[in-house]
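An overview of the molecular structure
Below are the chains, spelled out letter by letter.
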Amino acid sequence: MKKIYFFLVVLVSSLTYSQVINETFDSAKMMEKRGLKIQLPRNYKPDSKEVYPLVVVLDGDYLFEPVTGNVDYQSYWNDMPDCIVVGIQQSETRDLDFYYSEETDFPAHEGALFFEFIGMELIPYLEEKYRASDFRIAVGHDMGANFLNYYLFKDFPVFDAYIMLSPDFAPGIEPKLAERFTTLQHETFYYLATAEEDISRLKESIEKANKLFATISNEKLHYKFDNFEDTNHYSLVGQGIPKALNSIFYLYKPISAKEYKEEMLTYSGSAMEYLLKKYEAIKGLYGFEKKVIENDLRAVAAAAKKKDDFETIKELSKLARKEYPDSMISAYYQGLYFEEEGNMKKALQYYQSGLLLEPSQFINKDILLDKIYDIQGSEGN
């Protein structure tokens, strides 16, 4: 199973067109050089104004590829944004990097230096060199996952989301974390996972921690726990990463059939108001704007037609023109608006004008021609 999983990861990674860079970072804090693996988004452009969430992966020697494969796959389908993923290589320094004092349960000696290296050197460097947004995700496995907890105790935590894959909790840290969770003042995602065949000592402490964390009531904390069946300490990584990303970016996802039926259609305002509210919530939660995708424009159009809300379709065409100025989308919805209003002459003009523009994911010349022929056919009768 483990061999099959890593084969699939390598296969997925090899099919992507993301930009992977190998760098060596000279740390003044640790007084040594550390290797980095950096994956940039497929269409990353240094001179663009677009910014991307930053994903920092501990144990990048083996955890980087599983993370980048999942990020690339989910972002391709718009289930999450494109991200900058950075893996820190630690194969020869792992025990020292994650060292903590048994008296305080917090980083000490080399562990304290590694802690400062990430927050005070690495992240500022990455934000200066690459187009990273303020939304940051950290990924860790066993000792690395435990180490990430320490950033939560800063007055202004470095990360917004924590993916904790079978953490090897420091003794006594769970109640301290629970107390910290109650006082969080900013949106924080915390994903915790174990497995049926996880290392027994870790599984026991993680399940105990989950019982404690699950009782916490703080609207700023977005907590998710998974206990995977037929999975061990290593293979849970393959299931945990996509589940974690899915839980972190639940709001970012395209409008699904379920959301359309249960939320958009039942919303007290118009479908356009629902859409704008959703995208404003995305900006508020993640700290960056999401470009309105065509799937969501179609959902608004469908809801507007169902409610006979022609003005929303008109508003939709304006939004489509703003988001996709060179596309057929705006002309299609403008034509649809006039068609619903019964003004077939105007509708025909817009459908015909759309033939000169670029096709989109769902609107092409065949669709516009079908509309044109239908109108011309009805006028001829």
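Residues numbered from 1 in each chain as written. Predicted model: local features only at pLDDT ≥ 70, side-chain atom pairs only at ≥ 80, totals over all residues. Heavy atoms only, no water.

On to the overall build of the protein chain, then. Counting secondary structure elements, the protein chain contains 15 helices and 8 strands. Along the three orthogonal principal directions, the C-alpha set of the protein chain runs to about 85 × 45 × 40 Å. Long-range contacts, defined as pairs at least 24 residues apart, comprise 72% of the intrachain contacts of the protein chain with a sequence gap of at least 6. When the accessible surface of the protein chain is totalled, it reaches about 19,000 Å², and 51% of it is carbon and sulfur. When the 43 basic and 61 acidic side-chain charges of the protein chain are each reduced to a single mean position, those positions are 5 Å apart. (Helix = DSSP H or I, 4+ residues; strand = E, 2+ residues; numbered from the N terminus. Contact = heavy atoms within 4.5 Å. Areas by Shrake-Rupley, 256 points an atom, 1.4 Å probe, with all protein chains shown as cover. Lys, Arg positive; Asp, Glu negative; His and termini not counted. Charge placed at Lys NZ, Arg CZ, Asp CG, Glu CD.)

In terms of burial, strand S2 (residues 32-40) is a largely internal element, 7 of the 9 residues being buried. One ladder, built from 9 bridges, connects strand S1 (residues 19-27) with S2; its direction is antiparallel. Paired with asparagine 22 across the strands is lysine 37, a residue of S2. Sheet topology note: the S2/strand S4 (residues 84-88) ladder contains 4 bridges and is antiparallel. The residue of S4 that forms the bridge with leucine 36 is isoleucine 88. (Buried < 20%, exposed > 50% of the residue type's maximum accessible area, 1.4 Å probe, protein only. Pairing = 2+ DSSP bridges.)

Here the focus is the nonpolar core. Tyr286 and Leu297 are the most contacted members of the largest nonpolar core, which totals 68 residues. No other element matches the 8 residues that helix H10 (residues 271-286) contributes to this core. If sequence neighbours within four positions are ignored, leucine 297 has contacts with Leu275, Val292, Leu316, Leu319, Ala320, Tyr324, Ile329 and Tyr333. If you look at the next biggest cluster of nonpolar residues, it comprises 49 residues, including Tyr162, Phe169, Ile173 and Tyr190. (Core = buried A, V, L, I, M, F, W, Y, C linked by side-chain atoms within 4.5 Å.)

Turning to the pattern of salt bridges, a few remarks are in order. Across all of its chains, the model carries 20 salt bridges by this definition. As a salt-bridge pair, lysine 37 and glutamate 65 come within 3.2 Å of each other at their nearest N and O atoms. Of this pair, lysine 37 sits in strand S2 while glutamate 65 is found in helix H2 (residues 60-76), placing the two residues 28 residues apart along the sequence. On the basis of relative accessibility, which here comes to 11%, the residue lysine 37 falls in the buried class. Relative accessible area serves as the criterion here: at 28%, glutamate 65 is assigned to the partly exposed category. Note that glutamate 323 and lysine 291 form a salt bridge whose closest N and O atoms lie 3.6 Å from each other. Residue glutamate 323 is located in helix H12 (residues 310-323), and its partner lysine 291 is located in the loop between H10 and helix H11 (294-306); the two are separated by 32 residues in the primary sequence. Accessibility expressed as a relative area gives 43% for lysine 291, which makes it partly exposed. Taken together, the shared-partner salt bridges in this structure form one network comprising Glu32, Arg34 and Asp97. (Salt bridge = Lys/Arg side-chain N within 4 Å of Asp/Glu carboxyl O.)

It is worth spelling out the environment of threonine 182 at this point. You can see threonine 182 is positioned in helix H6 (residues 173-183). Exposure remark for threonine 182: the relative accessible area of 45% places this residue in the partly exposed category. Discounting chain neighbours no more than four positions away, the residues touching threonine 182 are Ile216 and Asn218.

Reading across from one edge, S1-S2-S4-S3-S5-S6-S7-S8 is the order of the 8 strands in this open sheet, with mixed pairing throughout. Strands with a single pairing partner mark the edges of an open sheet, and in this sheet they are S1 and strand S8 (221-232). Within this sheet the neighbouring strands show an average axis-to-axis angle of 20°, counted without direction. Alignment of strand S5 (residues 132-141) against strand S6 (residues 161-165), held across 5 bridges, turns out to be parallel. When the bridges of S6 are listed, histidine 141 appears paired with leucine 165. Packed on one face of the sheet, H2 meets S1, S2, strand S3 (52-57), S4 and S5 and runs near 165° to S4. (Axes fitted to C-alpha atoms, helices over the stretch in contact; angles between N-to-C directions.)

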